[in-house]
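Topology and contacts: notes
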Amino acid sequence: MKSCPKCNQNNVVKSGIINDKQRFLCKDCNYYFTVKKLGKQIDDYYVTKALQLYLEGLSFREIERIIGVSHVTISSWIKKYNITRPPHSDFHPVYKILKQNELIEYLSQENNIKNSGLIITEFADKYMLIKWERFKK
Ligand SMILES: [Zn+2]
């Protein structure tokens, strides 16, 4: 498999996508690196995440910022899977990318989770929290 360009060890794990490129983390020296464009090889995992976020009402640009896949690629997935989203009138999603300890801290404050829906999903080496809040009238 991949070896780390810095220390040449093979103790390397996938760690998200940046600019349509798979990012890796070397667990020996904590060095992050990417490899050349993945094109159609982007993990189904990220395709699913992108479609989920789109359904939740996020824009292509927002999804690009979160996942690291270009809005052009995301737009092509929406067409490919023929996704139409329902209108979002009462609730709007907000999202946060948190480390595990930040996530626990966030959840420990009742005001952060009261009167809202939550999904927590693993995201690279962190966690993504999507929360639905009612629009203020
Ligand atoms: Zn290394």
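Throughout, residues of each chain are indexed from 1 in the direction in which the sequence is written. Local features in this predicted model are restricted to residues whose pLDDT is 70 or higher, and side-chain atom pairs enter the listing and the counts only when it is 80 or higher, whereas totals over whole chains, interfaces and linings include all residues.

If you look the protein chain up in an unreviewed UniProt entry, it shows as Helix-turn-helix domain-containing protein from Soonwooa buanensis.

Residues annotated by UniProt as "domain: Terminase ATPase subunit N-terminal" (unreviewed entry) correspond here to residues 49-82. Each helix is a run of H or I in the DSSP string that is no shorter than four residues. Each strand is a run of E no shorter than two, and both are numbered from the N terminus. Along residues 49-82 one finds 74% helix and 0% strand; the C-alpha atoms at either end are 15 Å apart. UniProt positions are given in the numbering used here, feature names are shortened, and annotations may be inferred rather than shown by experiment.

Taken domain by domain, the protein chain comprises domain 1 (1-41) and domain 2 (91-134). Distance between the C-alpha centres of domain 1 and domain 2: 27 Å. Segmentation into domains, and thus their bounds, comes from an automatic or database assignment.

Below, the discussion takes up the sheet that holds strand β3 (residues 32-34). If you trace the three strands from one edge of the open sheet to the other, you get β1-β2-β3, paired in antiparallel fashion. The sheet terminates laterally at β1 (12-18) and β3, the two strands that pair on one side only. When strand polarity is set aside, the average angle formed by the axes of neighbouring strands in this sheet is 35 degrees. DSSP calls a pair of strands paired once it identifies at least 2 bridges connecting them. As paired strands, β1 and strand β2 (residues 21-26) are joined by five bridges and run antiparallel to one another. Residue V13 lies in a different strand from β2, and its bridge partner there is L25. Lines fitted to C-alpha atoms define the axes, with helix axes restricted to the stretch in contact, and inter-axis angles between N-to-C directions lie between 0 and 180 degrees.

A word on the packing of helix α2 (residues 60-67) against helix α3 (residues 71-80). Relative orientation of the contacting elements α2 and α3 amounts to 115 degrees, with a least axis distance of 9 Å. As the angle between them shows, α2 and α3 are arranged roughly perpendicular. At the point where α2 passes α3, the crossing takes the right-handed sense. Residue-level contacts link F60, R61, I63 and E64 of α2 to H71, I74 and S75 of α3. Its residues assigned to classes, the contact of α2 with α3 shows three nonpolar, two polar and two charged. Throughout this description, any angle smaller than 35 degrees is read as roughly parallel, any larger than 145 degrees as roughly antiparallel, any in the 65 to 115 degree range as roughly perpendicular, and the remainder as oblique. Left-handed is the label given to a crossing in which the near helix is rotated counterclockwise from the far helix by less than a right angle, and right-handed is the label when the rotation is clockwise. By the convention adopted here, residues make contact when the C-beta atoms placed from their backbones lie within 7 Å. Under the grouping applied here, Gly and all other residues not named as nonpolar or charged are polar, the nonpolar ones being Ala, Val, Leu, Ile, Met, Phe, Trp, Tyr, Cys and Pro and the charged ones Asp, Glu, Lys and Arg.

Structurally, the position occupied by K14 is in strand β1. As a rule, residues whose C-beta atom has 12 or fewer other C-beta atoms within 10 Å are exposed, those with 20 or more are buried, and those in between are partly exposed; C-beta atoms are placed from the backbone. On the neighbour-count criterion, K14 (14 C-beta atoms within 10 Å) is partly exposed. On a C-alpha basis, the gap between K14 and E64 in space is 18 Å, while along the polypeptide they are 50 residues apart. Beyond its immediate stretch of four places on either side in the chain, K14 contacts Q22 and F24.

Moving on: the sheet that holds strand β6 (residues 126-134). What the three strands build is an open sheet, ordered β4-β6-β5; its pairing is antiparallel. Every interior strand has two partners, whereas the edge strands, β4 (91-98) and β5 (117-123), have only one. Along the sheet, successive strands turn relative to each other by an average axial angle of 20 degrees, direction set aside. Here β4 runs beside β6; their pairing, made up of eight bridges, is antiparallel. Looking across to β6, one finds that F91 is bridged to R134. Of the strands in this sheet, β4, β5 and β6 are in contact with helix α4 (residues 100-108), which crosses β6 at around 25 degrees.

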